[in-house]
Amino acid sequence: MTLSPNLQFVKQRINLIKLTFYASLFYSTFLYATSPSESALAYKLEPMTLHQGLEIAPSTSPDGRYILYSHINNTSKNWEVWTFDTIRKKSFRLLSGEASYFQPEWSYDGSQITYIKHYQNSCGYFIADLTPSYEQVIQSSQLMPCNDNKAFEASSLKVSEDIVIFNKASSTRSPLSIYRLNTKSGEIKSLLTPPNDGKGDYFFSLSPDQKKLAVLRSRYFRTTEIWIYDLTSNTFTHLHNNPLTLSRLSWSKDSKKVVFRSNKRTISSLNIESHKVSKVLTLKIKFRDPFLFGENLSSMGICLIMSSFTEKDIYRTSYDGKITESVEASIASEQNPIVSHDEKKIIWVSYKESGRQLWLKESNNKAKRISNFAKDTFIENISLSADSTRLLGINSNKLVIIDLDSSHYLTRYIDKNNTYFHRVIWKNKDNVLATVTANNKKGVVNININTLEFTHLPIDDPEELTYDTRTQTLYYTKEQKPGLWTYSIDKHQNLIELNSKISNLIINRRELYFLSGNELKTLDLSSLKVSTVQKNFMAGNFFLSQSRKWIYYHTEKFGNQYLYKVSNDISPKLN
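Rules and cut-offs
Residues numbered from 1 in each chain as written. Predicted model: local features only at pLDDT ≥ 70, side-chain atom pairs only at ≥ 80, totals over all residues. Heavy atoms only, no water. Helix = DSSP H or I, 4+ residues; strand = E, 2+ residues; numbered from the N terminus. Buried < 20%, exposed > 50% of the residue type's maximum accessible area, 1.4 Å probe, protein only. Contact = heavy atoms within 4.5 Å. Salt bridge = Lys/Arg side-chain N within 4 Å of Asp/Glu carboxyl O.

K.L.:
Can you help me understand the overall build of the protein in this one?
P.N.:
Looking only at helices and strands, the protein features 2 helices and 52 strands. Of all 575 residues assigned to the protein, the portion counted as buried reaches 55%. Considering only contacts in the protein between residues 6 or more positions apart, those separated by 24 or more positions represent 41%.

K.L.:
Help me out: how do you make sense of the environment of Ile-346 in this one?
P.N.:
Looking at the element boundaries, Ile-346 is found in strand E30 (residues 345-350). Separated by 21 residues in sequence, Ile-346 and Ala-367 have C-alpha atoms that sit 9.3 Å apart. The contact partners of Ile-346, leaving out residues within four places of it in the chain, are Val-327, Pro-337, Ile-338, Val-339, Trp-359, Leu-360, Lys-361 and Tyr-552.

K.L.:
Which parts of the structure should I look at to understand the pattern of salt bridges?
P.N.:
Between side chains of opposite charge, a pair can form as their charged atoms come close. Taken as a whole and assessed by the stated rule, the structure comprises 21 salt bridges. Here Glu-519 makes a salt bridge to Lys-521, at a shortest N to O gap of 2.9 Å. According to the relative accessible area criterion, Glu-519 is partly exposed, its value standing at 22%. One connected set of salt bridges, linked through shared partners, spans Arg-423, Lys-442, Glu-463, Glu-464 and Glu-479.

K.L.:
It is not clear to me how the environment of Ile-178 should be interpreted in this structure. Could you clarify?
P.N.:
Tracing the sequence through the fold places Ile-178 in strand E14 (residues 177-182). Given the relative accessible area of 0%, Ile-178 is considered buried.

What follows is the structure in structure tokens.
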């Protein structure tokens, strides 16, 4: 199938409209039965809101009546903050404009909300007063800036008249940590510092009695740990490990239990004293965030995924941008394509079976799965050897090497304690180069895959890597500085300064290719001239074939998420 870029855009828009239409019919036709032991009950899904686009991060007011959430429609580039009145069944837009508004959270008494406001090159934590009807913002003020937009920033909330708790990271590769801000004195104190092997303490929720924080902590970017932080005694208790990456959790009214998604279709409660996990209900569909609302927090809501949060398919486009072809598409995510030098093999990551697995297609043959990773592990950063016989990647913080010439695709792992792997590429048949974090420092190591010897290179703050085997030169970017650097035989050189951050660094002949915003660019290594290959190149990542005829990439389009109420009273199961 061949599509022009314009026709491709139209096709994507039509698919999005279809999904939205089917979502509006979905709730009126489906009943979702639970397990046989609960066969007398049926859980009907009723829409709470029906915007077009995405609705995420639901948060319930202290009295249980109002739902705060983030929303973006199908045509806007900016996120907004809305609130939904569960009694009047009406939604009200609180925050919108030229900026994006993220992570809205209620204050301890419900009279205020905190949120993060992002402009293109800056961001800040804000607090806003609401009208008694919760329909409008009266006034808002900035609490503090958030690192000039350099770090991923998460949520904040007000837990007393003067105290705001928030989490942030010092860089995009550092774990999120939780802090306390005294709004009167301006003093900031660290509450929790997570280990350096995941994205850290990425979500927290205040208990109704205002004495505890439930904290979600990631490990190896997949496993989620549930912790409780006691604000009175300053103690931190580990309660439970969950195999899924959770987005949020919700407190029961008595502050004795938290409710969370224990697998893709089940909602469970966790007793914070006994650490006992009990099933609340099971649906026959996948969902994202469960939340409690209503009087005594006795009603259940879910953030329903009609498709993936982001829908990903693999395409290829000609170097001149005149031809675009679909390579691999499905209702699951197909992403991160790489291609052999002779362009007879394409390998990519797919969610088609058992989580995130590697798939291979040779010429016109049928695609086949070549990995057997555990269902809830995470595979990323794949790289093909120059002779196309071995595959390299990162699997749950271990380096993984797959022998493609073996009939069974033999797999071996390389692991090192207290070392987190970020990027990995082939250097030659016996050595690989990787960016790692070890002892709270980020650098580059050379790993001999036969002897397992790790040799640290004198490179600071690395981000993207690519290696030129002909000149034995490593090209890399830095996390905090836009530009390109080289390293060869203990010699460093700042190759070129750039005005914007770049990603997906690839070398092809005597040129470097990279993404800068929505443009695919190239740098001629002889003249150091930067040229634009394609504008409006909306790709999650890309891979350039050696012939430079085709550019392989995966698209990233919004899926659909909506807030739904699950019928039937679930309060007996929380008592």
